[in-house]
Amino acid sequence: MLTIQFGQCGNQLGHELFSKVSSDLESLNTGIPYEANYEYAENTIEKWFDGMTEHGRHVARAILVDTEEKVVSKVCKDANTSWTYRTSNVVCQSGGGCANNWAYGYKINSQRLSNTMLNVTRQEIEKLDRSQGFLLLLSSAGGTGSGVGSRMVEILREEYETKAIVAVIVLPFTFGEVCTQNYNTILTLAEFSDRADVSVLFENQQMHAMSTSLLKNVNTMLYDINSIISENLLAALQPINDARYNMNFLISKIAAHPNFRFATIKSTPHIPVTSLQYEPTHKWDVYIRHLKQTLRISKSQVELTNAQLKTPNPILGKTVSHMYSPCVSNILVTRGKSIENDAVILEDLQKRHLYPEWIMLESFTHLHQQRKFLNRDKFLALITNNSEIHRPLDIYLDKAWNSYKFAAFLHQYKQFGLEEDDFLEAFAKVENIVQEYKSLKSGN
Ligand SMILES: Nc1nc2c(ncn2[C@@H]2O[C@H](COP(=O)(O)OP(=O)(O)OP(=O)(O)O)[C@@H](O)[C@H]2O)c(=O)[nH]1
Ligand SMILES: [Mg+2]
């Protein structure tokens with residue numbers, strides 16, 4: 001797998017992701033025999049790293065793209081890790097960034113960078129096994145990740161028609177950030193919806209809430225948010241018991257339908273460091289029921305019941321019926337030991353009422369790995385492609401449209417060659433996606 005990190009967010013998130021891979025690799029408490037762990041480690045290394053430095057540090061299989069040097073040089077210089085980046089894979093034209101302007105990134109800076117980006121990519125791709133694809137990391141709100149990232153996903157799709165492209169897109173806080181973030185987000189989502197096989201969305205707001213309420217971290221920083229996102233991603237991407245598991249498999253199970261190519265990841269348990277030793281490990285079914293609760297919507301349909309912010313509860317009623325978001329597909333990944341009187345029972349997530357009637361494909365997949373993930377006895381991730389995806393998209397669509405109606409900030413985009421039609425096309429595309437997701441109806 002080749003990871004490409006764009007802009008400040010992409011590069012910081014990528015750095016945390018590789019650091020977590022490395023901790024997972026080095027963790028001693030694996031719960032499985034030496035040989036099995038050896039295989040897990042080999043798979044992990046092949047997926048994320050490409051050789052070692054002369055000092056014995058793994059080299060990340062990654063390309064770093066930015067339009068200002070600050071962040072990339074910081075993450076490259078980090079000497080506290082047992083892995084490092086290949087500095088020749090840094091694609092950066094030092095300038096002042098893209099000023100939170102998608103058009104500046106897409107039209108201007110990407111032109112400056114595209115030849116180098118493509119050359120470095122070709123070199124890396126030559127070393128990869130055919131079945132592996134791209135993992136792109138970026139935020140939708142700034143100018144580089146969103147604009148240069150959007151141009152790059154177009155180039156990659158042209159150049160590598162059949163390779164898997166998984167994009168991880170971080171959505172901004174809905175208040176207090178820059179005013180162009182809503183346009184940038186819509187323009188980015190529109191581009192990625194056509195080119196990436198699946199875009200995995202994470203909302204900074206949600207992740208921030210998880211960090212403050214669940215992990216009791218009152219001074220939550222971007223780093224803490226990256227830590228949660230990385231755990232979600234790795235719980236999905238680290239090797240599972242089946243060695244054939246790769247990105248193509250993942251895409252075929254989560255985003256097989258061309259109209260529904262977005263997903264998000266929920267995971268459990270998240271425990272504050274201070275109470276780690278007191279927290280009991282529950283049976284699998286407790287966690288699985290908890291994950292199912294994250295798909296709940298309240299009766300009024302206005303608000304998603306945010307079960308992600310609660311801890312799993314063993315006495316949670318099994319019989320109460322709730323309303324759940326209709327799901328196109330779900331993949332459950334369970335990591336940890338499954339024994340006879342504590343088997344992984346899937347019934348809860350296989351219920352017909354979770355999936356629309358017209359969905360004939362297998363809409364639920366379960367993957368398991370006995371090895372402990374990051375030293376935890378049990379860790380579960382639910383990769384879900386469901387109707388609720390429309391909610392964040394709708395929010396940015398609304399905000400962007402409200403600015404567009406008054407032609408607010410449009411001159412900033414027009415000066416770099418973006419036309420009104422480009423905006424309208426992006427609005428229409430995202431509106432369409434929202435409508436498709438909204439119109440999903442559960443079966444009985
Ligand atoms: N989760 C997370 N969000 C980040 C991080 N850094 C920035 N963001 C978010 O990303 C958005 C800003 O985008 P950046 O990634 O800083 O922008 P960029 O791609 O570097 O583009 P320019 O700076 O405009 O050239 C805001 O919504 C920030 O909240 C990070 O490390 N983690
Ligand atoms: Mg930047």
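Residues numbered from 1 in each chain as written. Chains lettered and ligands numbered in written order. Predicted model: local features only at pLDDT ≥ 70, side-chain atom pairs only at ≥ 80, totals over all residues. Heavy atoms only, no water.

K.L.:
Could you give an account of the site of ligand 1, with specific residues and numbers?
P.N.:
Gln12, Cys98, Thr144, Gly145 and Asn226 are the nearest of the 23 residues found near ligand 1. Separating an oxygen atom of ligand 1 from a backbone N or O atom of Gly142 is a distance of 3.4 Å. At a separation of 2.8 Å, a nitrogen atom of ligand 1 approaches a polar side-chain atom of Asn204. Bound to the protein, ligand 1 loses 92% of the 640 Å² it would expose on its own. Broken down by secondary-structure element, the contributors of at least two residues to the shell around ligand 1 are helix H1 (7-26), helix H5 (144-159) and helix H8 (222-237). In terms of residue count, the dominant contributor to the shell around ligand 1 is H1 (four residues). For the shell around ligand 1, the per-class residue count stands at eight nonpolar, 13 polar and two charged. (Near = heavy atom within 4 Å. Polar contact = N/O pair within 3.5 Å; in protein donor to acceptor, adjacent residues only side chain to side chain. Areas by Shrake-Rupley, 256 points an atom, 1.4 Å probe, with all protein chains shown as cover. Helix = DSSP H or I, 4+ residues; strand = E, 2+ residues; numbered from the N terminus. Nonpolar A, V, L, I, M, F, W, Y, C, P; charged D, E, K, R; others polar.)

K.L.:
Tell me about the environment of Tyr404, and please be specific about residues and values.
P.N.:
Its location among the elements puts Tyr404 in helix H12 (residues 390-405). Only 3.1 Å separates the side chain of Tyr404 from the side chain of Glu420, close enough to count as a polar contact.

K.L.:
Quick one: what's the story with the domain arrangement of the protein, residue by residue and with numbers?
P.N.:
Accessible area lost upon the coming together of the parts serves often as the stated size of an interface. As assigned here, the protein comprises domain 1 (2-263), domain 2 (267-387) and domain 3 (391-438). Each partner contributes residues to the interface: domain 1 has 41 residues there, and domain 2 has 35 residues. Between domain 1 and domain 2, a total of about 3,400 Å² is buried, with carbon and sulfur atoms accounting for 59% of that surface. Together, Leu214, Lys253 and Ile254 form the three largest contributors to the area buried by domain 1 at its contact with domain 2, with a combined 18%. At the boundary of domain 1 with domain 2, the tally comes to two salt bridges. With a closest N to O distance of 3.1 Å, Glu231 and Arg376 form a salt bridge. Taken together, domain 1 and domain 2 are joined by 18 residue pairs in polar contact (both at pLDDT 80 or more). (Domains from an automatic or database assignment. Contact = heavy atoms within 4.5 Å. Buried area = accessible area lost by both parts, 1.4 Å probe. Salt bridge = Lys/Arg side-chain N within 4 Å of Asp/Glu carboxyl O.)

K.L.:
Go over the nonpolar core, please, and point to the residues and values.
P.N.:
Within the largest apolar cluster, 57 residues are counted, with the highest numbers of intra-cluster contacts made by Trp48, Tyr85 and Leu135. Top contributing element to this core by residue count: H8, with eight residues. Of the residues that make up this core, three or more belong to each of domain 1 (2-263) and domain 2 (267-387). Beyond its immediate chain neighbours, meaning those up to four positions away, Trp48 contacts Met1, Thr3, Leu17, Phe18, Val21, Val59, Ala60, Arg61, Leu135, Leu234, Leu237 and Gln238. Judged by nonpolar contacts, the second largest core, of 56 residues, contains Cys98, Tyr106, Ile359 and Ala426. (Core = buried A, V, L, I, M, F, W, Y, C linked by side-chain atoms within 4.5 Å. Buried < 20%, exposed > 50% of the residue type's maximum accessible area, 1.4 Å probe, protein only.)

K.L.:
Go over the environment of Ser88, please, and point to the residues and values.
P.N.:
Tracing the sequence through the fold places Ser88 in the loop between strand S5 (83-84) and strand S6 (90-92). Along the sequence, Ser88 and Leu64 sit 24 residues apart, while their C-alpha atoms lie 9.5 Å from each other.

K.L.:
Please give an account of the packing of H1 against H8 that cites residues and values.
P.N.:
Direction vectors running N to C along H1 and H8 enclose 60 degrees, while the axes themselves pass 9 Å from each other. What the angle tells us is that H1 and H8 run oblique. The chirality of how H1 crosses H8 is right-handed. Residues Gln8, Gln12, Leu13, Glu16, Leu17, Lys20 and Val21 of H1 pack against Leu222, Tyr223, Asn226, Ser227, Ile229, Ser230, Glu231, Leu233 and Leu234 of H8. Taken together, the residues that form the contact of H1 with H8 break down as eight nonpolar, five polar and three charged. (Axes fitted to C-alpha atoms, helices over the stretch in contact; angles between N-to-C directions. Parallel < 35°, antiparallel > 145°, perpendicular 65-115°, else oblique. Left-handed = near helix turned anticlockwise from the far one by under 90°.)

K.L.:
Explain the pairing of strand S10 (residues 262-268) to me, using residue names and the numbers behind them.
P.N.:
Of all seven residues in S10, seven are buried, a share of seventy percent or more. Summarising the sheet, strand S9 (residues 198-203) and S10 pair through two bridges and their orientation is parallel. Within S10, the position partnered with Ser199 by the bridge is Phe262. Pairing of S10 with strand S15 (residues 378-386) involves five bridges; the strand directions are antiparallel. Residue pairing across strands places Ile265 opposite Ile383, the latter belonging to S15. (Pairing = 2+ DSSP bridges.)

K.L.:
I'd like to hear about the sheet that holds strand S13 (residues 327-336), residue by residue, with values.
P.N.:
One open sheet accounts for ten strands, arranged S6-S4-S1-S7-S8-S9-S10-S15-S13-S14; its pairing is mixed. Strand pairing shows two members of the sheet lacking a second neighbour, S6 and strand S14 (364-369), which therefore form its edges. For this sheet, the mean angle separating the axes of adjacent strands, direction not counted, is 20 degrees. Examined bridge by bridge, strand S8 (residues 165-171) and S9 share six bridges and lie parallel to one another.

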